[in-house]
Amino acid sequence: GEDVEQSLFLSVREGDSSVINCTYTDSSSTYLYWYKQEPGAGLQLLTYIFSNMDMKQDQRLTVLLNKKDKHLSLRIADTQTGDSAIYFCAERKNQGGKLIFGQGTELSVKP
Amino acid sequence: GAVVSQHPSWVICKSGTSVKIECRSLDFQATTMFWYRQFPKQSLMLMATSNEGSKATYEQGVEKDKFLINHASLTLSTLTVTSAHPEDSSFYICSATGTGHTEAFFGQGTRLTVV
């Protein structure tokens, strides 16, 4: 079946690192994504990783994938107040296929 | 990244009327478009998938006669909420992907309020 789960809330202090976790059940997922949603807005793609990769780093963002445990994480280094938003992980089986989203993690960054 | 424009950003309509939401890919050919619905503080729920020139594929529980989807060209898909009721009030978001794209690009969303 298809199921993606995330913790609902995370609160950090400005300057700390944030780690948002996600688990998924479909082992045939090929692409895994992290999206950011600010209030009243659409989704902004932050980064994605292929299932044959373990890690991907892009500036302040690091994605770790444990395919055995079907666990995906997003680490944001030096978290800023502007990073406050809802973060969604999503999986997809193939190009052009539908995205299955987690519930979203609301990240709150306190000064 | 590629740009997807959704219009209108927000709309208020009376119960019983129909509302059309447009989703346009501005700089690429969108072979597939997706329509999602999002309730406050909740995740995105996929409503339907549409491929250009074909009938949309609706997810289980989504009424195809109520949520009409048209994907007549490679740059435009429309969602029409027919005979809208207050329970249809929600945030509707489209996304689009094209040949060779690994990711899907999202529109800004449309806030529909039915009064």
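The coordinates are above.
Described below are features of the structure shown in this document.

1. Concerning the interface of chain B and chain A
Then, in step 1: Taken together, the contacts link 21 residues of chain B with 22 residues of chain A.
Then, in step 2: Of the roughly 1,600 Å² buried at the junction of chain B and chain A (both faces included), carbon and sulfur atoms supply 54%.
Then, in step 3: The interface formed by chain B and chain A contains two salt bridges.
Then, in step 4: Notably, a salt bridge pairs Lys-41 of chain B with Glu-106 of chain A, separated by 3.5 Å at the nearest N-O pair.
Then, in step 5: The interface formed by chain B and chain A contains six residue pairs in polar contact (both at pLDDT 80 or more).
Then, in step 6: Elements represented by at least two residues in the side of chain B that touches chain A include exactly strand S4 (32-38), strand S5 (44-51) and strand S9 (90-97) of chain B.
Then, in step 7: Considering each element in turn, the side of chain B that touches chain A owes the most residues, four residues, to S4 of chain B.
Then, in step 8: In terms of residue class, the side of chain B that touches chain A is built from eight nonpolar, ten polar and three charged.

2. Side note on a nonpolar patch on the surface
Then, in step 1: Taken together, Trp-10, Ile-12 and Val-115 of chain B make up a surface patch of nonpolar side chains, about 370 Å² in accessible area.
Then, in step 2: Relative to the helices and strands, Trp-10 of chain B resides in strand S2 (residues 10-13).

3. Some details on the pattern of salt bridges
A side chain with one charge may pair with a side chain of the opposite charge, provided their charged atoms come close.
Then, in step 1: For the coordinates displayed, the defined rule picks out seven salt bridges over all chains.
Then, in step 2: Between Asp-83 of chain A and Arg-60 of chain A there is a salt bridge, with the nearest N and O atoms lying 2.9 Å from each other. Of the two residues, Asp-83 of chain A sits in the loop between strand S8 (71-76) and strand S9 (85-92) while Arg-60 of chain A sits in the loop between strand S6 (55-58) and strand S7 (61-66), which places them 23 residues apart along the sequence.
Then, in step 3: By relative accessible area, which is 7% here, Asp-83 of chain A ends up buried.
Then, in step 4: Judged by relative accessible area, which is 32%, Arg-60 of chain A ranks as partly exposed.
Then, in step 5: Between Glu-22 of chain B and Arg-24 of chain B there is a salt bridge, with its nearest N and O atoms 3.4 Å apart.

4. Some words on the sheet that holds strand S1 (residues 4-6) of chain A
All names here are of chain A.
Then, in step 1: One open sheet accounts for five strands, arranged S1-S3-S8-S7-S6; its pairing is antiparallel. On the outer flanks of this sheet lie S1 and S6, each paired with one strand and no other. Taken over all neighbouring pairs, the strand axes of this sheet differ in orientation by 15° on average, direction set aside.
Then, in step 2: Here S6 runs beside S7; their pairing, made up of four bridges, is antiparallel.

What counts as what
- Residues numbered from 1 in each chain as written.
- Chains lettered and ligands numbered in written order.
- Predicted model: local features only at pLDDT ≥ 70, side-chain atom pairs only at ≥ 80, totals over all residues.
- Heavy atoms only, no water.
- Contact = heavy atoms within 4.5 Å.
- Buried area = accessible area lost by both parts, 1.4 Å probe.
- Salt bridge = Lys/Arg side-chain N within 4 Å of Asp/Glu carboxyl O.
- Polar contact = N/O pair within 3.5 Å; in protein donor to acceptor, adjacent residues only side chain to side chain.
- Helix = DSSP H or I, 4+ residues; strand = E, 2+ residues; numbered from the N terminus.
- Nonpolar A, V, L, I, M, F, W, Y, C, P; charged D, E, K, R; others polar.
- Patch = residues over 30% accessible without salt bridge, like charges linked within 9 Å, V, L, I, M, F, W, Y side chains within 5 Å.
- Areas by Shrake-Rupley, 256 points an atom, 1.4 Å probe, with all protein chains shown as cover.
- Buried < 20%, exposed > 50% of the residue type's maximum accessible area, 1.4 Å probe, protein only.
- Pairing = 2+ DSSP bridges.
- Axes fitted to C-alpha atoms, helices over the stretch in contact; angles between N-to-C directions.

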